Each structure stands twice: as C-alpha cells, then as structure tokens.
Amino acid sequence: MTQSPSDLAAAARAVRENAYVPYSHFKVGAALRAPSGAVYVGCNVENVAYPEGTCAEAGAIAAMVAAGETEITEAYVIADSAHPVAPCGGCRQKLMEFARADVRVTLATVDGAEEVVTVADLLPGAFGTKHMDRA
C-alpha cells in the first residue's frame, strides 16, 4: 500500500499548533509513520529549566513506542522558520534508533518549503548497535 506524505504533513502541521513554547515561541511538530501505516505525532514541550523540555520528534517516538510499534518508515518535521529545520543531535540519534538509514525525513516550514533527506543524511557516522559488539 502506497501512502502519501501529505497525511504526515497534515498531522505534523496540526500537532505543531499544540506545542507548549512559552519561552522560545518556536513551535515544532513531528509526524512518524510506522510499518502498520499508523501515524504518530509529537510537539515540542518546553520547561522553564530548558534542558528538561521535550522535542517534537522525541514525543512522536514515545507515542509510537507506547502504542507498541518500534519502527519508523517515514518522518515529517515542521517549524516556523525561514528554512527547513533539522532535528537536534539527540533526536537524530533517536530517529536512527528506530529507522533504517535510508528512511525519508521531510523537513518543512509552515510557508511550504520542504527539504527531503534520509536518516543517514541527518546523522552520518551514527553510533549504532555495531559499536556495541566487543568482538
């Protein structure tokens, strides 16, 4: 079954509106597709103690895992920025944990600009399970 990325875009755009960003005022929305076709969303949630906030991508991954799925087949991230915004370093590693290197990630702005990359593009030389082998 072929699915359109437009449903991911709509889901990410909608959840972005729920972002809790009283400090930065920088709303981000993320939508992930699992192999089942289900779409999971997340938005950034700030905290006055900045390091304690949650990124949109991390929230979407948590929703996916909470629903019993552990694989990402496509991702979409949207923010109100002049240029598409890539996930932070921590979220790049989180995406790599649940997605193959060739998984498509669309980075978008609310004005319609999009840039399509892969998980490997976002995190070249990623730390992975192969690094855990001691042999």
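Given the structure is predicted, the values throughout are model-derived calculations rather than measurements.

1. Regarding the overall build of the chain
Point 1. Helix and strand counts for the chain come out as four helices and five strands.
Point 2. In the chain, the succession of helices and strands from N to C terminus is α-β-β-α-β-α-β-β-α.
Point 3. Residues counted as buried form 38% of the 135 residues belonging to the chain.
Point 4. In the chain, the proportion of contacts linking residues at least 24 apart, taken out of those at least 6 apart, comes to 60%.
Point 5. Carbon and sulfur atoms make up 55% of the accessible area of the chain, which totals about 7300 Å².
Point 6. Of the side-chain charges in the chain, 10 are positive and 16 negative, and the distance between the mean point of each set is 2 Å.

2. Re the packing of helix H2 (residues 56-66) against helix H3 (residues 89-98)
Point 1. For the pair H2 and H3, interaxial distance at closest approach is 9 Å and the crossing angle is 25°. Considered as vectors, H2 and H3 are oriented roughly parallel to each other. In this structure, H2 meets H3 at a crossing whose hand is left-handed. Across the interface between the two elements, Glu57, Ala58, Ile61, Met64 and Val65 of H2 pack against Cys91, Lys94, Leu95 and Phe98 of H3.
Point 2. Class assignment for the residues of the contact of H2 with H3 results in seven nonpolar, no polar and two charged.

3. Let's talk about the pairing of strand E3 (residues 72-79)
Point 1. The element E3 is largely enclosed, with a buried count of seven among its eight residues.
Point 2. By the bridge criterion, six bridges tie strand E1 (residues 28-33) to E3 in an arrangement that is antiparallel. The residue bridging Leu32 from the neighbouring strand is Ala75, located in E3.
Point 3. Pairing between E3 and strand E4 (residues 99-109): seven bridges, direction parallel. Paired with Ala79 across the two strands is Thr109, which belongs to E4.
Point 4. Taken together, E3, H3 and E4 form a β-α-β motif whose crossover is right-handed.

So, how was this worked out
Residues numbered from 1 in each chain as written. Predicted model: local features only at pLDDT ≥ 70, side-chain atom pairs only at ≥ 80, totals over all residues. Heavy atoms only, no water. Helix = DSSP H or I, 4+ residues; strand = E, 2+ residues; numbered from the N terminus. Buried < 20%, exposed > 50% of the residue type's maximum accessible area, 1.4 Å probe, protein only. Contact = heavy atoms within 4.5 Å. Areas by Shrake-Rupley, 256 points an atom, 1.4 Å probe, with all protein chains shown as cover. Lys, Arg positive; Asp, Glu negative; His and termini not counted. Charge placed at Lys NZ, Arg CZ, Asp CG, Glu CD. Axes fitted to C-alpha atoms, helices over the stretch in contact; angles between N-to-C directions. Parallel < 35°, antiparallel > 145°, perpendicular 65-115°, else oblique. Left-handed = near helix turned anticlockwise from the far one by under 90°. Nonpolar A, V, L, I, M, F, W, Y, C, P; charged D, E, K, R; others polar. Pairing = 2+ DSSP bridges. Right-handed = clockwise from strand over helix to strand, strands pointing away.

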